[in-house]
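# Results of the structural survey
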Amino acid sequence: MHRPSSLVIGGIVLVILALSSCTTAAMETLFPTSQSTSVPTQEHALTLKVMTHDSFDISEEVLAEFEQANNVKVQFIKSGDTGTALNKAILSRENPLADVFYGVDNTFLSRALNEDIFEPYDSPLLAAIPAGFKLDLESRALPVDYGDVCLNYDKGYFVQQGVAPPMTLKDLSQPEYKSLLVVENPATSSPGLAFLLATIGNFGSDGYLEYWEGLVANDVLVVNDWETAYYSEFSGSSGKGPRPIVVSYSSSPAFEVLYSEPAVDEPPTAAVTANETCFRQIEFVGILSGTQNRELARKWVDFMLSRTFQEDIPLKMFVFPVNSEAVLDQIFLKYLSFPDQTAIVSPDEIALNREVWIKAWTEQVLR
Amino acid sequence: MTKPADHRSLLSWLQPLLLWLPPVLFLSLFYFYPLGSILQVAFERSQAGLAGPFYEVFSSPGIRNVIAFTFWQAALSTLLTLLIGLPGAYLFARYEFRGKSLVRALTAVPFVLPTLVVAAAFNTLLGPRGWVNLALMDSFHLLLPPIKFTNSLTAILMAHVFYNTTIILRMVGDYWSHLDPRMSQAALTLGASPLKTIQHVTLPLLMPAVLAAALLVFIFDFTSFGVILVLGGPRFATMEVEIYYQTISLFNLPLAAALSIIQLTCTLGLTILYTQLSKRLQRPLSLRPVKYTQRRLRTWQSRVFVTLFMGVLLGLLTIPLLSLAARSVVSLERGPDPSNTNPQFTLAYYQELNQNRRDSLFFVKPINAIGISLAYASMTVMLALALGLPAALTLARDQDWRLNRWLDPLIMLPLGTSAVTLGLGFIVALDQPPFDLRASPLLIPIAHTLVAFPFVVRSLVPSLRSIRPRLRQAAAVLGAAPSQVVRQIDLPLVGRALLVAAAFAFSISLGEFGATALVSRPEYPTVPVMIYRYISQPGSLNYGQALALSTLLMIATAVGMLVIERLRLADIGEF
C-alpha cells in the first residue's frame, strides 16, 4: 500500500537531480567571469589544461596573447596548496588531469621527480636562465620563478624603541630581541619550512637544533600558518599583533605599499636580506607524462619562460622571474632588496631529511 | 505498516528498498567508491603490508597522544556546547518574543565562516592586542596582557562552541517547541519539583533530539581541522590534522590511510552506540503545534531571564562577528601622515572588491561570488533533501527492518571522513567518463551534500519517529491515498524539521571551504575561497577586503536563514 508514495518521492528525487545538473550548466551563463570571456567567441580546436596551486595568477591580457597566437583555450585547474596540488598530480599519474603542472618548488621537487610525473623538455628558453636555478639537469622540471623567505620587521617598533633591527639569524637569540619573533610551523607551512631550512643552511644539520634552543629561550612564538603569523601576531601588518618580527617574504613590504589603504609611499615593514638569512624557494613547471597535447604543452612552457609571462609574474604572484632578460617593474626596484646570498639546502637533502628534521625540530621547540 | 503481518508481504519489502535506492546509489558512487579507491592506492604503497601502518600508528607515542587528544577535546567541546545550547534551545522552544527569528538567524552565522576569519575575529577581541586585554591592562595597570588566548585549549573550545551551538539550538529547540508542555505542567501539578520534572519528564522526552544533536556536534569536533590548526596552534593536533601532515608534508599515504580508517571506525562506533541508545529512548508522542506550546513573556521575571540569557548567548556568538564587521569599515592605518593614529571610517575595502586593478584573470566580483555560493548552496539543499528525506522516512517507519539497522550508522560516515583523504579519493576514482568529475563544478555541491546528508537525516528522523503510527493508519482507514498520507500527515508534522534540515544543508554549503579537499575551477570560486585569496596576501587592502567579503558572507547567510525561517509560514510548517 505504500508503493505509490515511494514512487512519488522517487520521482521528486529524479526531477531534483536533473534540475541540479541543469543548474551547473546554467552557471556559466549566469556568472560570466573574466576567464570565460577572455577570448573572443571563435571556435577553438583545442583546450590546454594547466594544473597549478591556489596562488597562481596571470593577467587577462597576457593569457589572451598566448591563446590567440596558438588558437587554444587554456583551462586552469587549481588544486590546493603546493603540496596538495603535487599529491593530486602524482595520484592522477595514470590518467592526468592536465597537460602541464606548474608550481612545484625546490622543497617538493624530489617528490615530483621520484614519482616520475614529468616528461623532459629542453626548452630553447632555458638559455636565458642562470644555471643556479636549474636544479633538474634532465629538464623535466624547468624553473619559472623564485621567492625569498626572509625575516620581516615592523619599522615603527624599532624606531620607537631605539633598537636596531636584527641583521643576522644569530641576533634573534640576543636579549634585545626577546619575545619579538613569530615563526610558522615547518610541518604545516611552506614559509615555516623554508625558514627552518635557512637555519639548517646556516648552522648545519648538527647545529640548527642548538640555534633553535636559543630561540626558544628567547621566547619565540610558533603558529601553524602564515596568515596567523602575519595578520594576528605581527605588529607591522593591518592585524596589529604584538610581535615586530615575522617570517614572511622579501616581497611582503612591496605588497604593503601596493595594497595599502589609505595609500602610502613607504612600507611600514622591511625585510632582512643580509647574507644567508633568507631561503630561496624556486618554482618549476613541467609537462605531465601522458599528455595528448605535447606540442601545445611545450609552447605553454616556452611561454612561461618568455619575457611576456616572466614580466607579468611579480605583480601577479609577488615572486620574481628567473629569465635574466625580464625587466622588473619600478615598484620593486624601489621597495625590494634582493639577498646576495641565500642559505642553501639541496632538494635531495630536503627530500631525504624532511621528516627527521621536522621531527627533531618539533621535539626541540614544541615539547 | 507496523503490524507484523505487513512485513511478510512483498510490498513492504519493496518500499524501504525503493526509498533507499537514491541515497545508497549516491553514497556508493561519490563516497564509498572514492574512499575505497584511495585507501587501496595508499596501502599499495605500503612497504610493510596492510598491518604495517597500523603498527606504526599504535607504536608511536606521538600519534597515540593525538588520538587521545582528539577524543578529549571533542568530549569537552560537546559538553560545553550542550551547556550553552540547551538553555538557549529551551528559550527558543517555549517563548515567543520580538526579534526571535532574527536572533535565530544570527546564531546560524558563525557556522559558515572560514576558520581564518573566525580566528581574526577572536583575535580582535581576545588576542594579545585585543580589546579585552587592552581594557584589562589599562584598568589594572598591567604590563603584559592577562588573558592568554593564542595557541591555547581555551581557544579551541571557544571556537567549537562558537561554531556548533547553532546545531543544538536548531535541532533540540525545534523538537522541544513541539513537545506538549501539558506533560511537565501535569508533573508540576502533581507535586513534582521543577528539578524532578526536568529530570523525569522533560529530559527523557527530549533525549532523542539531544542525542542526535550531540552526536553531530561531537563528530564535528572530533574531525576538527581548521580550528585546531589556526586557533590551537602547533602544540595541538587532532587525527584530521595529523592526516593532513602525513599526506601533504610527508607523503606517507599508508600511515595517513591507517589514521583515516581509525577515525572512521571511531565515528562508526559512536554512531552505532547512538542508534542503540536512541532506539531505546524513542517513543511516539503527541507533537503539538507551536502556537499551543509557546508563551509570551508575561511576568517581569521571565522577561529579565530571557533577556539576560539571550544577551549572553548573542554576546558569545555575535560580538566576534560584530567586531569583524566593524573592522571592515575602519582603517587603522596611519597613511602617509604618521601623526594620524585615529581609526578612520572607510568603505574603501568594499569599493575595492569590485575593482580588478591588476587585470587578474581570476578576478570575480563579490556579487558573482555570492551568486555562485548561493547556486552551490541551493543545489546542495535540493540534493541533500532529495536523498535525505527518503532515507529518513524509511529509517523512521521501518525501524525493525534488519537492513535499516545496518544502514543507519553508515550514513554518518561521510562526516567522520578526513577531507584530505576523500579529496584525493575523488582524484583517484572519478577519472573515467561519464563520471570524470575531477575538475567539474558539479563535484562541489556533491561534496557538500555528503556533509549535509547526515544532517538532514538526523534532523528528520526524531520528528518522523515521534509521529504516532495510528495517525497514519486512521488517515488510511478514512480513505486517504498513501501519497496523501505523506502530504497531509508526515510532511506537516515534520515540516519544521524539514526546514531545519534545509537550513543546515544551506549553511554547510555556504561555509564549506572546498579548496583544500577538491580540485577547483578558479572561474567559479565560492565566497570562502575568495576570502582565502585575499587573506593569504600581505597588505592592508587585502586584509580589509577579506574582512569586507566575510561581512558580506555573514549578511548573505543571515538573509538566507531568515528566508528559510519565513518559508514555514507560507506552506507546510504549521498545522
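Note that this is a predicted model, so its numbers are computed, not measured.

The subject of this paragraph is the state of the cysteines. Residue and element names in this part refer to chain A. A full pass over the atoms with the stated rule returns 1 disulfide over all chains. The disulfide partner of Cys150 is Cys278, and the S-S distance across this bridge is 2.1 Å. The sign of the 115 degrees torsion about the S-S bond sets the Cys150-Cys278 disulfide as right-handed. Residue Cys150 is located in strand S5 (residues 142-154), and its partner Cys278 is located in the loop between strand S9 (269-271) and strand S10 (279-288); the two are separated by 128 residues in the primary sequence.

Residue placement: Leu478 of chain B occurs in the loop between helix H20 (469-477) and helix H21 (482-511). A sequence separation of 53 residues divides Leu478 of chain B from Gly425 of chain B, and the C-alpha atoms of the two residues are 51 Å apart.

Turning our attention to the pairing of strand S6 (residues 181-184) of chain A. In the case of a regular strand, side chains alternate between the two sheet surfaces. Residue and element names in this part refer to chain A. The alternating pattern of S6 places Leu181 and Val183 on one face and Val182 and Glu184 on the opposite face, and all of these are buried. In the sheet, S6 pairs with strand S8 (residues 245-249) via 2 bridges, with the strands oriented parallel. Of the residues in S8, the one forming a bridge with Val182 is Val246. Examined bridge by bridge, S6 and strand S7 (residues 221-223) share 3 bridges and lie parallel to one another. Its bridge partner lying in S7, Glu184 is registered against Val223.

Residues and elements named next belong to chain B. Two elements in contact, helix H3 (residues 61-94) and helix H7 (residues 153-177), have axes separated by 6 Å at closest approach and are oriented at 40 degrees. Between H3 and H7, the interaxial angle falls into the category oblique. Between H3 and H7 lies a crossing of right-handed hand. Partitioning the contact of H3 with H7 into residue classes produces 19 nonpolar, 10 polar and 1 charged.

Residues and elements named next belong to chain A. The domain boundaries assigned to chain A delineate domain 1 (23-146 + 282-329) and domain 2 (147-279 + 336-365). Between domain 1 and domain 2, the contact holds 12 residues from the first and 17 residues from the second. Taking both sides of the interface into account, the surface hidden between domain 1 and domain 2 amounts to around 1300 Å²; carbon and sulfur atoms contribute 69%. Scanning the region where domain 1 abuts domain 2 turns up 0 salt bridges. Seen at the junction of domain 1 and domain 2, the total is 4 residue pairs in polar contact (both at pLDDT 80 or more). The residue makeup of the side of domain 1 that touches domain 2, split by class, is 9 nonpolar, 3 polar and no charged.

Moving on to the environment of Ala447 of chain B. All names here are of chain B. Tracing the backbone shows Ala447 in helix H19 (residues 443-465). You can call Ala447 buried: its relative accessible area is 13%. Each C-alpha atom of the pair Ala447 and Thr318 lies 29 Å from the other, and the pair is 129 residues apart in sequence. Residues contacting Ala447, with those up to four places away along its chain left out, are Phe426 and Leu518.

So, about the interface of chain A and chain B. Of the residues lining the interface, 88 residues belong to chain A; the matching set on chain B comes to 92 residues. Of the roughly 8200 Å² buried between chain A and chain B on both sides combined, carbon and sulfur atoms contribute 62%. Together, Leu91, Tyr259 and Glu261 of chain A form the three largest contributors to the area buried by chain A at its contact with chain B, with a combined 9%. Our count for the contact surface shared by chain A and chain B stands at 1 salt bridge. Counting residues per element, the side of chain A that touches chain B draws most heavily on helix H1 (residues 3-30) of chain A, which supplies 14 residues. When the residues that make up the side of chain A that touches chain B are grouped by side-chain class, the tally is 38 nonpolar, 29 polar and 21 charged.

For the bond running from Glu261 of chain A to Pro262 of chain A, omega is -5 degrees, close enough to zero to count as cis. Even without glycine at this site, His141 of chain B takes up a positive phi of about 55 degrees. Examined against the element boundaries, His141 of chain B turns out to sit in the loop between helix H6 (131-140) and H7. Even without a glycine there, the phi angle at Asp359 of chain B is positive, about 55 degrees. Asp359 of chain B gets classed as partly exposed once you look at its relative accessible area, which sits at 25%.

It is worth spelling out the nonpolar core at this point. Residues and elements named next belong to chain A. Counting 260 residues, the largest nonpolar core has Ile58, Phe76, Trp300 and Phe309 as its most contacted members. Taken domain by domain, the makeup of this core includes at least three residues from each of domain 1 (23-146 + 282-329) and domain 2 (147-279 + 336-365). One finds Tyr177, Phe195, Val222 and Ile245 within the second-largest nonpolar core, a separate group that totals 40 residues.

Calculation notes
- Counting from 1, residues in each chain are numbered in the order their sequence is written.
- Key to labels: chains lettered from A, ligands numbered from 1, both in the order written.
- With the structure being a predicted model, the display of local features is reserved for residues of pLDDT at least 70 and the display and counting of side-chain atom pairs for 80 or more, all residues being used for whole-chain, interface and lining totals.
- With hydrogens and water stripped out, all remaining heavy atoms of the structure feed into the side-chain values.
- In this description, a disulfide is simply a cysteine sulfur pair whose atoms lie within 2.5 Å.
- Secondary structure follows DSSP: runs of H or I at least 4 residues long count as helices, runs of E at least 2 residues long count as strands, and numbering of each begins at the N terminus.
- Remark: exposure states derive from per-residue accessible area (1.4 Å probe, protein chains only) relative to the maximum for the residue type, with buried under 20%, exposed over 50%, and partly exposed in between.
- A strand pair is defined by DSSP finding two or more bridges across the two strands.
- The axes are straight lines fitted to the C-alpha atoms, using for helices just the contacting stretch, and the angles between their N-to-C directions are given from 0 to 180°.
- Small angles under 35 degrees read as roughly parallel and large ones over 145 as roughly antiparallel, with 65 to 115 read as roughly perpendicular and the rest as oblique.
- In this scheme the crossing of two helices becomes right-handed for a clockwise turn of the near helix relative to the far one and left-handed for an anticlockwise turn of less than a right angle.
- We call Asp, Glu, Lys and Arg charged. Ala, Val, Leu, Ile, Met, Phe, Trp, Tyr, Cys and Pro are nonpolar, and the rest, Gly among them, are polar.
- For the domain bounds, the source is a domain assignment made automatically or taken from a database.
- Any two residues whose heavy atoms approach within 4.5 Å at even a single point are treated as in contact.
- Note: buried area is the sum, over both parts, of the accessible area (probe 1.4 Å) each one loses when the two are combined.
- One speaks of a salt bridge when a side-chain nitrogen belonging to Lys or Arg is within 4 Å of a carboxyl oxygen belonging to Asp or Glu.
- Counted as a polar contact is a pair of N or O atoms within 3.5 Å, where, for protein atoms, one must be capable of donating a hydrogen and the other of accepting one, and residues adjacent in sequence contribute only when both atoms are in side chains.
- Working definition of a nonpolar core: buried Ala, Val, Leu, Ile, Met, Phe, Trp, Tyr and Cys residues. They are joined through side-chain atoms within 4.5 Å.

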